[in-house]
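Coordinate inspection notes
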Amino acid sequence: MKLHRDELTPQLQEYARFDDRGEARYLPYLMYFHRADYRSAVINTDRAGFRISHGPNGETASAAGNMPAGPVRLISGSSTVLGIGATSDATTLASQLWRKHAPSAPWLNFGGRCYNSTQELLLFTLYRHLLPEIEEIVVFSGLNDLTVGRLPDWQQGDHGAFWFCGEYFEKMEELRESNRRSAGKLLGRRTERRRTVSTHDDVRRDTSQVIDSAAELTLRHLDTWQRLAGPRTRVTYVLQPMALWMRDRHAPQERLLFDEIDRISKLGTWEALYGDISTPEVARAFSEKLGAGCEKLGIRYVDLNPVVAEAVTERDWVYVDRAHYTDHGYDLVARIMADTLGLS
């Protein structure tokens, strides 16, 4: 059966190859990052796994690849900043800003697939030494922190849960179990199997707790972002536009794709999985906490959901799924973000 997704968004097949879990690249501290030196017609990465950005005159740049002398700007975030859904490296947020809407300095893509705010900060910390002077940092994020904030308390720890952490805890328990058996044999004692199993239903159902926790972690990390960036670098936090936060009526192509994704998903529908954090009311509550916290920190804050919603109609095909954009969506969001933030 031919899928609407293959017809409307054929580039997503390349992202599926790029994100093959069998080729997952695990790194110390970060847990995982993109495949390095990946080459395709849709997405390309440098020797460290950063996606390549394109400039107005055909030039390219990335954190561990071609690097302008400086100053540079960087946009940090999760898979939306990475550019899932874009048909090429040239149509991601970083490239749309550099090529068209804020071209006065190069923009580097610091997006990390499936990252939370802890990993976004760590990525910058671990690779800051590769960068010249930084003029501007935009953290464009939010959805993943609410998503992983729903995971059970035993997975949260001091720094929040992360995508695929269930696999991590399971493998670590297998290692501990092996060590217990070895120690038991040496000491002549029996050991008991102690495995904690988490199902998809094992999530926090108190949405206010999820919002509070996600906001607290995000603000803690933004404080560190600002301290690391220094006084000459402006830090801005942008709450990313998400389809269900932004509007309840969607373009025809979006309706086809959303319905199809729900139908073929092996885990369940979006509503069943994430419906509790996908309402405009949750987005507003999260935004209010982030906005108040950023004001105290002296960090500029913008919720782009109402701004983008005001600029589009039902004819605008913005999303390839509920979180990631079409080329038109990336261009639209980059333009509105540049105008709203006064980027040149």
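Attention here is on the structure that accompanies the text. Note that the structure is a prediction, hence the values are computed from the model and not measured. Counting of residues starts from 1 at the beginning of each chain's written sequence and follows it residue by residue. Two thresholds apply to this predicted model, a pLDDT of at least 70 for residue-level local features and 80 or more for giving and counting side-chain atom pairs, whereas whole-chain, interface and lining totals are computed over all residues. Side-chain calculation: all heavy atoms of the structure are included, whereas hydrogens and water are not.

1. Focus on empty space enclosed by the protein
Every definition here rests on a 1 Å grid over the protein atoms only: cavities are sets of points where a 1.4 Å probe fits but cannot get out, pockets are open sets enclosed by protein on both sides within 12 Å along at least five of seven lines, and lining residues have some atom within 4 Å of a point. Grid points are joined across faces, edges and corners, and a volume is the space filled by probe spheres set on the points. Across all of its chains, the model carries three cavities of 30 Å³ or more by this definition. Of the pockets and cavities examined, the largest cavity occupies roughly 200 Å³. Around the largest cavity sit 15 residues that line it, and Asp-19, Ala-24, Arg-25, Tyr-32 and Phe-33 are the ones nearest its centre. Tallied by class, residues from the lining of the largest cavity come to seven nonpolar, one polar and seven charged. One number sums up the size of the second largest cavity: a volume of about 80 Å³. In terms of lining residues, the second largest cavity is bounded by 13 residues, among which Asp-145, Val-148, Gly-160, Ala-161 and Leu-217 are the most central. Runs of E in the DSSP output that reach at least two residues are strands. Runs of H or I that reach at least four are helices, and both are numbered from the N terminus. Where the lining of the second largest cavity is concerned, the elements lending two or more residues are helix H5 (117–127), helix H6 (143–149) and helix H8 (207–229). In this classification, the charged set is Asp, Glu, Lys and Arg, the nonpolar set is Ala, Val, Leu, Ile, Met, Phe, Trp, Tyr, Cys and Pro, and all remaining amino acids, among them Gly, are polar. Within the lining of the second largest cavity, the residues separate by chemical class into four nonpolar, eight polar and one charged.

2. What about the layout of surface pockets?
Computed from the structure, the second largest pocket encloses a volume of approximately 230 Å³. Contributing to the lining of the second largest pocket are 15 residues, with Thr-118, Gln-156, His-159, Gly-160 and Phe-162 lying nearest its centre. Classifying every residue of the lining of the second largest pocket gives six nonpolar, eight polar and one charged.

3. Quick notes on the packing of helix H4 (residues 93–101) against helix H14 (residues 327–341)
Only the contacting stretch of a helix is used when fitting its axis, a line to C-alpha atoms as for every element, and angles between N-to-C directions run 0 to 180 degrees. For the pair H4 and H14, interaxial distance at closest approach is 9 Å and the crossing angle is 60°. Considering their axes alone, H4 and H14 lie oblique with respect to each other. For the pair H4 and H14, the crossing hand works out as right-handed. Where H4 approaches H14, its residues Leu-93, Gln-96, Leu-97, Lys-100 and His-101 are matched on the opposing element by Asp-327, Tyr-330, Asp-331, Val-333, Ala-334, Arg-335, Met-337 and Ala-338. Grouping the constituent residues of the contact of H4 with H14 by class yields seven nonpolar, two polar and four charged. Angle categories are assigned with fixed cut-offs, so that under 35 degrees is roughly parallel, over 145 is roughly antiparallel, 65 to 115 is roughly perpendicular, and the rest are oblique. Note on convention: the crossing is left-handed when the near helix lies turned anticlockwise from the far helix by less than a right angle, right-handed when the turn is clockwise. By definition, residues are in contact when any of their heavy atoms lie within 4.5 Å.

4. Re the sheet that holds strand E7 (residues 300–303)
One open sheet accounts for five strands, arranged E4-E3-E5-E6-E7; its pairing is parallel. In the strand order of this sheet, the two ends are held by strand E4 (107–111) and E7, each with one partner. Between one strand axis and the next, the sheet turns through 20° on average, direction left out of account. Pairing geometry for strand E3 (residues 72–77) and strand E5 (residues 134–141), over six bridges, is parallel. Bridge assignment links Arg-73 to a residue of E5, and that residue is Glu-136. Following DSSP output, two strands are said to pair if at least two bridges run between them.

5. Concerning helix H13 (residues 304–311)
Each residue gets one of three labels from its accessible area relative to the maximum for its type: buried under 20%, exposed over 50%, partly exposed in between, using a 1.4 Å probe on protein chains only. All of the buried residues along H13 are Leu-304, Asn-305 and Val-308. Projected down its long axis, H13 carries its buried residues within an arc of 100°, all on one side. Those residues of H13 that are buried are in contact with E5, strand E6 (234–239), helix H9 (243–246), E7 and H14. Directions drawn from the helix axis to the C-beta atoms are what define this arc.

6. So, the pattern of salt bridges
The term salt bridge refers to a pairing of a side-chain nitrogen on Lys or Arg with a carboxyl oxygen on Asp or Glu at a separation within 4 Å. The final tally for this structure, using the stated rule, is 21 salt bridges. One salt bridge connects Arg-73 with Glu-135, and the closest N-O pair in it is separated by 2.8 Å. Here Arg-73, found in strand E3, pairs with Glu-135, found in strand E5; they are 62 residues apart in sequence, far enough to count as distant. Look at Arg-73 and you get buried, because its relative accessible area is 3%. Judged by its relative accessible area of 30%, Glu-135 is partly exposed.

7. Some points on the pairing of E5
With respect to burial, E5 is a largely interior element, seven of its eight residues being buried. Bridge count between E5 and E6: six bridges; the pairing is parallel. Counted as the bridge partner of Phe-140 is Val-238 from E6.

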